[in-house]
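# Breakdown of the fold
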Amino acid sequence: MSIAKMKRLQMIALDSDRDALMERMVHLGCVHLSEVAEEMQSDESLAFLKREQSQLADRQAQLRQVQNAMAALTAVAPAKGGMLQPRPQVSGRDFLKEESLREALAAAEEINAHTAQIGQLQAQTVRLQTERMTLLPWQELDIPLELDHTRTTKILLGTLPSAADWQSVCGQLADEIGEAELYLLSESSDQKCVLLLCHTSVLDETLELLRGRGFALSQLTGMTGTVAENVRRLDEALQETEKALQSEKDALAAMASRRPELQQCVDRMELEIRREESRERLLSDGCIFCLEGWVPAKKAPKLEETLGQFDCAWDLRDPAEEEYPEVPVKLENNRFTRSLNGITEMYSLPAYNGVDPNPLMAPFFILFFGMMMADMAYGILMIIGSLVYLKKARPAEAGRNFAELILWCGVATFVVGAMTGGFFGDFIPQLLKLINPESTFEMPALFTPLNDTVAILVGSLALGVVQVFTGMAISVVKKVKDGHVADAIWDEVTWWVLLTGLVLMILKVGNIGGVPVVLCIGGVMLLYGSTYQSKGIGKVGSFIATVYNGVTGFFSDILSYVRLMALMLAGSVLAQVFNTLGSVFGSVIGFVIISLIGNALNLALNLLGCYVHDMRLQFLEFFGRFYQEGGKAYTPLSLNDTKYVEIIKEEK
């Protein structure tokens, strides 16, 4: 339960062995490759080595193609199965088969081709439908559309606003220009479609008059034949396009059986991308290559055994202190504390020379969550749900850790719920009273949120004091180990003495002549600790700032733990409210239905609220006392980081 000790790996090997070496490293799953150090690059004997070229961009493009193909399959044939569907198991040998990779990439290319064709056909359908809708208002026109004039007459199609008075327009045209005539073809709420016949000699005069009434020429240009003939042609084209579109959709849906191949291909391409990223970190001249990386000390013997099978030279050593910022961080925890990995990573990994917070945080996080939920039924549901998910789904590491966290929090929720007598709130007493109005049954409880609110408040603050003091103790130990004893005394031990003296003074213990001795000692320590690095008037300001920041910091941090009581009370009251609403119906069935629906909502709300507030207590009140963040994630070349398939490792 600590941060894994790392060894720095430096290696030079034959370029002909590179692929075999890299594959063995993938199977070992313990080598985190890093950039080759400057001192190694500046070595005169290695000056001829150049950075390797990779196919990273090509691999990333292939991954996008496979992901696009999967998205296309999901659109036409959604995947069956839910969150309990386990990942298919694949042997490492089959997972790394090049033939399988090529077949999956070919399937993705075929699916994307169908998708592209579907897109083109859909665009063509929209275009044909638009053309057809444009022609429909002109169906009454029985002359060819290409006929726009005779020897003496101009034939024009146009539109007038729907609000235009047809009789007025025609009357004005007849009065002012006798050689022109308008014919109404169709009328809608948007416009009037008209045919204009006029003598070529009065064309300009006619158009000027009509434009004053809102006339505009139509856009039916480039078409031949009558409107009816064009509509029939478009209908036939739409039918053919629809058939082709359906054929492409059927072909795409028929490829839904290739989804498992594509899912495995996504995992494989993710591995290939990591390989190519690692390749860019290598230096080579075509004959030899060199690399650097980090290996957990526990895995070093197995790595050395593997490297001994190749013609290569390597060096494994402990990192120097100045290299600590570059050392990747791997948290080593047991089945209980590893469930907190996701919480720690959400905040930030600890520095390599820092403290693994998981074993220190786990008891507090799980206990606090149980206090805020505090219901036996909720705890049972959390336990059963997490166990079923772990058993059925066989999730990857992140999903497994989260499910295990819900499991442990469910246990704490059940235990605290048993202490408070909560089972869906007061579900059982209300149900029994509904069955028998004279029932006086009450769940056994050590304390209840509604009747013992003050006691719960005091307990919450006491737990806050314990966690804050635990964080301070961790800080003291770390500072002493780092040789900063004075900082530990003045920053933490001083406040312990002060707070102990305050308690003794309240209890009237340890007073000599009415003077609280321990409190006075703490005051002297605080005075010296806050001013020993200041001079002159600065000592006063430093003392005032230390007292103010210390007092307000302690009290604000500890008061934050009031949320433990607040969420416990809120969850209990909500559960009882829903139970009371159900009992209003006077029916056992109605009561059960309303109560279960309400408690389901309450459970969902509390799961989110307790998770967020619990994290806040850890991140702000606890981590702020000792946590040194900034660690780099340990990401070795491995077969473990898969999303869709579960790799069964084979001994090599």
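Along the polypeptide, aspartate 375 turns up in the loop between helix 12 (358-373) and helix 13 (376-393). Exposure remark for aspartate 375: the relative accessible area of 3% places this residue in the buried category. Along the backbone, aspartate 375 and threonine 413 are 38 residues apart, and their C-alpha atoms lie at a distance of 5.9 Å. In this structure, aspartate 375 is in contact with Thr413, Phe414, Gly417, Gly422, Phe423, Phe424 and Gly425, ignoring residues within four places of it in sequence. A distance of 3.0 Å separates a polar atom in the side chain of aspartate 375 from the backbone nitrogen of alanine 377. Looking at aspartate 375, its side chain comes within polar contact range of the main-chain nitrogen of glycine 425, at 2.9 Å.

Here we come to the confidence of the model for the protein chain. Mean pLDDT over the protein chain stands at 87; residues scoring 70 or higher make up 91%. Across the protein chain, element-level confidence peaks in helix 12 with a mean pLDDT of 95 and bottoms out in helix 2 (residues 38-41) with 54.

Within this structure, the stated rule accounts for 23 salt bridges. A salt bridge links glutamate 323 to arginine 317; its shortest N-O distance comes to 3.0 Å. Exposure remark for glutamate 323: the relative accessible area of 11% places this residue in the buried category. Judged by relative accessible area, which is 26%, arginine 317 ranks as partly exposed. The shortest N-O distance in the salt bridge between glutamate 621 and arginine 616 comes to 3.1 Å.

Together, Met83, Leu84, Ile380, Ile384, Val388, Val411, Phe414 and Val415 make up an exposed nonpolar region whose accessible area comes to about 640 Å². Of all the secondary-structure elements, those providing two or more residues to the nonpolar patch are helix 13 and helix 14 (397-420). Note on placement: phenylalanine 414 falls in helix 14.

About the cut-offs
Residues numbered from 1 in each chain as written. Predicted model: local features only at pLDDT ≥ 70, side-chain atom pairs only at ≥ 80, totals over all residues. Heavy atoms only, no water. Helix = DSSP H or I, 4+ residues; strand = E, 2+ residues; numbered from the N terminus. Buried < 20%, exposed > 50% of the residue type's maximum accessible area, 1.4 Å probe, protein only. Contact = heavy atoms within 4.5 Å. Polar contact = N/O pair within 3.5 Å; in protein donor to acceptor, adjacent residues only side chain to side chain. pLDDT = per-residue confidence, 0-100. Salt bridge = Lys/Arg side-chain N within 4 Å of Asp/Glu carboxyl O. Patch = residues over 30% accessible without salt bridge, like charges linked within 9 Å, V, L, I, M, F, W, Y side chains within 5 Å. Areas by Shrake-Rupley, 256 points an atom, 1.4 Å probe, with all protein chains shown as cover.

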